[in-house]
Amino acid sequence: MSRVKEFDVGEACDAALALFRRQGYEATSVSDLVTHLGVAKASLYATFGTKHDFYVTALKRYAEQTDARVMAELSRPGPGVPAVRGLLDGYVADILGEAGPIGCFVVNAAIELLPRDPEVARVVERSWDTLEVALTMALERAKAQSELPGGSDPATLARFLLTVLQGLRVLGKGTDAASRLKAAVSQAMRVLIQE
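Cut-offs applied
Residues numbered from 1 in each chain as written. Predicted model: local features only at pLDDT ≥ 70, side-chain atom pairs only at ≥ 80, totals over all residues. Heavy atoms only, no water. 1 Å grid on protein atoms, 1.4 Å probe; cavity = no way out; pocket = protein on both sides within 12 Å on 5 of 7 lines; lining within 4 Å. Points joined across faces, edges and corners; volume = space filled by probe spheres on them. Helix = DSSP H or I, 4+ residues; strand = E, 2+ residues; numbered from the N terminus. Nonpolar A, V, L, I, M, F, W, Y, C, P; charged D, E, K, R; others polar. Contact = heavy atoms within 4.5 Å. Buried < 20%, exposed > 50% of the residue type's maximum accessible area, 1.4 Å probe, protein only. Phe/Tyr/Trp six-rings, centres within 6.5 Å; stacked < 30°, edge-to-face > 60°. Lys NZ or Arg CZ within 6 Å of the ring centre and 35° of its normal. Axes fitted to C-alpha atoms, helices over the stretch in contact; angles between N-to-C directions. Parallel < 35°, antiparallel > 145°, perpendicular 65-115°, else oblique. Salt bridge = Lys/Arg side-chain N within 4 Å of Asp/Glu carboxyl O.

*Asks:* Help me out: how do you make sense of empty space enclosed by the protein in this one?
*Replies:* Using a probe with the size of a water molecule, rolled over the atoms, empty space left in the structure can be pinpointed. Tallied over the entire structure, the rule returns three cavities of 30 Å³ or more. Empty space within the largest cavity amounts to approximately 120 Å³. Taken together, 13 residues line the largest cavity, and the ones lying closest to its centre are Thr 66, Asp 67, Tyr 91, Ser 127 and Leu 131. When residues of the lining of the largest cavity are traced back to their parent elements, those giving at least two are α4 (51-74), α7 (118-144) and α8 (154-171). A breakdown of the residues in the lining of the largest cavity according to their chemical character gives seven nonpolar, four polar and two charged. Taken as a whole, the second largest cavity holds about 60 Å³ of empty space. Val 30, Leu 33, Leu 44, Tyr 45, Phe 48, Gly 49, Thr 50, Lys 51 and Phe 54 together form the lining of the second largest cavity.

What follows is the structure, given as structure tokens:
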């Protein structure tokens, strides 16, 4: 008969996700995880493996949740340009709101661990690919509905917006974030509809 886990694995993963997101990989020790989660070190190792394994698991969980939300937001029926604007505005609201300087876990992981960590790089790249595909689909819909100029290339615009969105996350860590972020979103929308 197998032994029942002494903790909820999903809750432990969410708690670790929050800790890694706030402190980063290098600054979070196994002792920090044990203290923060209230779980014995042996139980953590038995369930999640090494600290790195646990970090990757938490990063995947964050990326899957975030990517699913973005895909749902951008794939709703209706005009594509307002959906993209809503995503950009949502990023700014998130950055200026509760998440604040903690930032996006995917972007934080990229800044801290890429390119030296291939496993983390795969998770980050997969998340960025998902966002780029979702943007491309929304922009293709926008082009089909004559919301974009006829010569627009949805794939190129999506890649541009991916770069803007990730840049917003990085600049959001600064002290003068609000004015920079809002100006960047306004300019990105001008590029989008005037291209």
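The rest of the description comes next.
*Asks:* Help me out: how do you make sense of unusual backbone geometry in this one?
*Replies:* Negative phi values dominate among residues other than glycine, just as trans dominates among peptide bonds. Cis geometry marks the peptide bond from Leu 114 to Pro 115, where omega comes out at 5°. Assignment of secondary structure puts Pro 115 in the loop between α6 (105-113) and α7.

*Asks:* Just checking my understanding: could you explain the environment of Asp 67 for this structure?
*Replies:* Summarising the element assignment, Asp 67 is placed in helix α4. When sequence neighbours within four positions are dropped, the list of residues in contact with Asp 67 reads Ser 127 and Thr 130.

*Asks:* Honestly, the environment of Val 81 in this entry has me stumped. Any pointers?
*Replies:* Following the sequence through the fold, Val 81 ends up in helix α5 (residues 80-96). Look at Val 81 and you get buried, because its relative accessible area is 12%. Along the chain, Val 81 and Glu 147 lie 66 residues apart, while their C-alpha atoms are 6.7 Å from each other. Aside from chain neighbours lying at most four places away, what touches Val 81 is Ala 142, Glu 147, Leu 148, Met 189, Leu 192 and Ile 193.

*Asks:* I tried to follow the packing of aromatic side chains on my own but got confused; where do I start?
*Replies:* Here the distance between the centres and the angle between the planes together describe a pair of aromatic rings. Using the criterion set out here, one finds seven aromatic pairs in the structure. On the basis of an interplanar angle of 25° and a centroid distance of 6.5 Å, the ring pair of Phe 20 and Tyr 25 is categorised as stacked. Ring geometry for Tyr 55 against Phe 105: centres 5.4 Å apart, planes inclined by 90°, an arrangement best described as edge-to-face. Taken together, the residues Tyr 55 in helix α4 and Phe 105 in helix α6 connect sequence positions 50 residues apart. By the burial criterion, Tyr 55 is buried, and Phe 105 matches it. A connected cluster of aromatic rings, assembled from ring pairs, spans Phe 20, Tyr 25, Phe 48, Phe 54, Tyr 55, Tyr 62 and Phe 105. Just above the ring of Tyr 25 sits the side chain of Lys 51; from NZ or CZ to the centre is 4.2 Å. The ring of Tyr 91 is capped by Arg 169, whose NZ or CZ atom sits 4.1 Å from the centre of that ring.

*Asks:* Would you explain the packing of α4 against α7 in this entry?
*Replies:* Two quantities define a packed helix pair, namely the angle between the axes and the distance from one axis to the other. Two numbers describe how α4 lies on α7: the axes approach to 10 Å, and their chain directions differ by 0°. Taken together, α4 and α7 sit at an angle that is classed as roughly parallel. Listed contacts from α7 to His 52, Tyr 55, Val 56, Leu 59, Lys 60, Ala 63, Asp 67, Val 70, Met 71 and Leu 74 of α4 are Glu 119, Val 120, Val 123, Val 124, Ser 127, Thr 130, Leu 131, Ala 134, Leu 135, Met 137, Ala 138 and Arg 141. Residue composition of the contact of α4 with α7, by class: 15 nonpolar, three polar and four charged.

*Asks:* What is the right way to read the pattern of salt bridges from this model?
*Replies:* A side chain with one charge may pair with a side chain of the opposite charge, provided their charged atoms come close. Applying the stated rule across the entire model yields five salt bridges. A salt bridge links Arg 116 to Glu 26; the nearest nitrogen and oxygen atoms lie 3.2 Å apart. Of this pair, Arg 116 sits in the loop between α6 and α7 while Glu 26 sits in the loop between α1 (9-23) and α2 (30-37), placing them 90 residues apart in sequence. Measuring nitrogen to oxygen at the nearest pair gives 2.9 Å for the salt bridge that ties Arg 159 to Glu 132. Taken together, the residues span a long stretch of sequence, with Arg 159 in helix α8 and Glu 132 in helix α7 at a distance of 27 residues. Exposure remark for Arg 159: the relative accessible area of 51% places this residue in the exposed category.

None of this, on its own, says anything about what the molecule does.
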